[in-house]
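# Analysis of the macromolecular model
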Amino acid sequence: MEIFSQEFHEIEEVNIIYTTKSFYENSRKITPDSSIIKIYSNSNLSEILKIISPSIIKSYGSSGSLGTISFRGSPSNQTSILWNGFQLNSLTSGDFDLSGVSACFFNDIEIIPGASASIFGSGTFGGIIDLKNNFKSENIYSRISFEAGSYKNLSTNVNFKYSKKKFSINFSSSKSKAENNFVFEDIYKIDKPTEIRTNNAFSSSGIIADFSTKPTQKFNIESGIWVMGKSKEIPELAGSYGTGNKFQTDSTLKFYIRLNKLFYNSKLTFGTAYVFDFMHYTDKINSTDNLYFVDSKISGKRLLTDLSYKKYFKNIIIADFGFYYKYLSSETSSYKKNENELNTYFSSKIKLKKINLLANVNLLFFENTPKVFVYNAGINYDFNKINFRINFSKNFRKPTFNELYWNPGGNVNLLNESGLSSETGLEYKPTKNDNIVISSNIYLSKIKNQIQWLPVLGIWQAINNKEAVLYGNETEIRIRLSNEKIKTYINLSYQFTKSFNNKFYNNETYLIGNQLIYVPLHSAKEYLFINYKNLSISIAGYFTGKRFTTEDNNENYSLDAYFISDFYVGYKIKIKNFNINTNLKINNLFNTYYESVKSYPLPGRMFFIGIELEYFKKPR
């Protein structure tokens, strides 16, 4: 089914043919309900993830501003973003900007927080997010949508899908812009004046296309291309008296192709991808200046190749082995470097009547640093209506190019961040049709040699300075109720996240035990969707507890807890194969003042109206 229809249910999990590694995940997997993707299809990816995932979203302002994600108290560079199995995180910072990804680009989003993500290599203490499009259903589908909102937010999206047994194509384009000149109370000034956010406009556009062809019953070719460009004015911090002249443009080109060959009891997969990213950041002292005070250009190129062979033994034992090769290159005003990496792995799975046993080992080779050995092992046990799982892994993160080579301050002698992760999960399904699911996960991670930028003789330098302990609980309840007229979906979740440093290598013992910055101890989310005939209503809310912004947990610099609620109502008119959908959306319904990053205020109440035209048809 199409994710944009008014029907609601979770996107079905399928065996993705492009990567064998997804077969070995043994932890909680999250896929967004189709209603959420539809409601936020004119937004960026962070709007969906903040609702459906147990994550921390750090937004540096309004729409178009830098947005990063992290899980389970880990830094954002410990969460890997994948596109059809290929890693996209920045070579220079290790982060990934969610604001540059249109939510309408993907019909299959899979989130894997925790220990099992270690099988994907470096930077996975928090987890992974895999973005992809599947062609499971055979149909012709097209959609065009328009949305206008507060502060001159405008967006246009186009989607087209043609899917048959031997050939499929999925094409999406998106164009958005906004002035973002919202009103806010500047709490950092003495008299707390009401001001207008200036130098805050953005525009972005992008296209993505995925192709799949099946020349024979046992041979499949998949490919895709993704092009995106974004420009963004960057305002001054709240509390400043200037208007700001900072400006940044980002562009990217991504391409991949994957070949899959099936044999009698095995499968061979080969894939390769090319990723190019470019960022240009400028700043002027005065807006009328002809010369830039700062003029920084950063580019990154990577060539990624993987080969895997999966073997089945009487449908009881599955063995998978292969390698991943990466050529990485980055050029900035400070350095020009390239590196080669090779990741070899072996995975196995034993499927018994009620028990699945899983194991994975990776041996990674680098040009100028010692090889790394990581592993992952787990057990999954089904009994009656309860599923129990336990997982244990060794994880690591290789230093980024900036941490190694930035001049001044980079440190080529940095060690990898490394550590152990474990988690235990329990899922209870009291009904036969699984319309009620209750799950709880407990996790523990320890990270050694964490990298921190510290002043040394007046120069900020990257140093392995501390160790961290992360533990907590994620509890979720999903309820689906339906009859001939009304369909309801409810999702409630709570996260307890305790993360602290238990050791500093420079003997800052007074900081030991303090909660890590920007990690709330408590957070919760709720989502309610009701569909009655052609009318749809949803209410989404998320609570984020108090966050400290300094390592000494100084209350004077902490960010207050907040609760944000979004409201949506939509109506569908069906005419033969066409749907005409109109909707009203209100973000931040109660006009709450809040910040997810200190001194970067977020907008108050915002209104959006939208209209879209959909077309469905089964191919002949």
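Going by the structure above, here's the rest.
Residues numbered from 1 in each chain as written. Predicted model: local features only at pLDDT ≥ 70, side-chain atom pairs only at ≥ 80, totals over all residues. Heavy atoms only, no water.

### Structural notes on the environment of Ala-148
- Its place among the elements puts Ala-148 in strand β7 (residues 140-149).
- Between the C-alpha atom of Ala-148 and that of Ile-611, which follows or precedes it by 463 residues, the distance is 9.4 Å.
- Leave out the neighbours within four places in its chain, and Ala-148 touches Asn-153, Leu-154, Phe-607, Phe-608 and Ile-609. (Helix = DSSP H or I, 4+ residues; strand = E, 2+ residues; numbered from the N terminus. Contact = heavy atoms within 4.5 Å.)

### Brief notes about the sheet that holds strand β3 (residues 79-83)
- If you walk across this open sheet you meet the 4 strands as β4-β3-β6-β5, and the pairing is mixed. The open sheet terminates on both sides in strands that have one partner only, identified here as β4 (86-87) and β5 (108-113).
- Relative to β4, β3 is paired through 2 bridges, and the arrangement is antiparallel. Among the inter-strand pairings, Leu-82 is bridged to a residue of β4, identified as Gln-87. (Pairing = 2+ DSSP bridges.)

### Structural notes on the pairing of strand β29 (residues 578-587)
- As paired strands, strand β28 (residues 562-575) and β29 are joined by 9 bridges and run antiparallel to one another. Looking at the pairing, Tyr-571 lines up with Thr-582 of β29.
- Counting the residues in the hairpin turn of β28 and β29 gives 2 residues, including Lys-576, whose phi is positive at 55°.
- Two strands pair when backbone bridges link them, and β29 and strand β30 (residues 606-617) are joined in this way by 10 bridges, in the antiparallel orientation. Each bridged residue has a counterpart across the sheet, and for Asn-579 the counterpart in β30 is Glu-614.

### Observations regarding unusual backbone geometry
- Cis rather than trans, the peptide bond between Asn-407 and Pro-408 has omega equal to 5°.
- Looking at where Pro-408 falls in the secondary structure, it is placed in the loop between α3 (401-405) and β22 (417-428).
- Of note, Leu-457 is a non-glycine position whose phi angle comes to about 55°, a positive value.
- Tracing the sequence through the fold places Leu-457 in the loop between β23 (436-456) and β24 (459-482).

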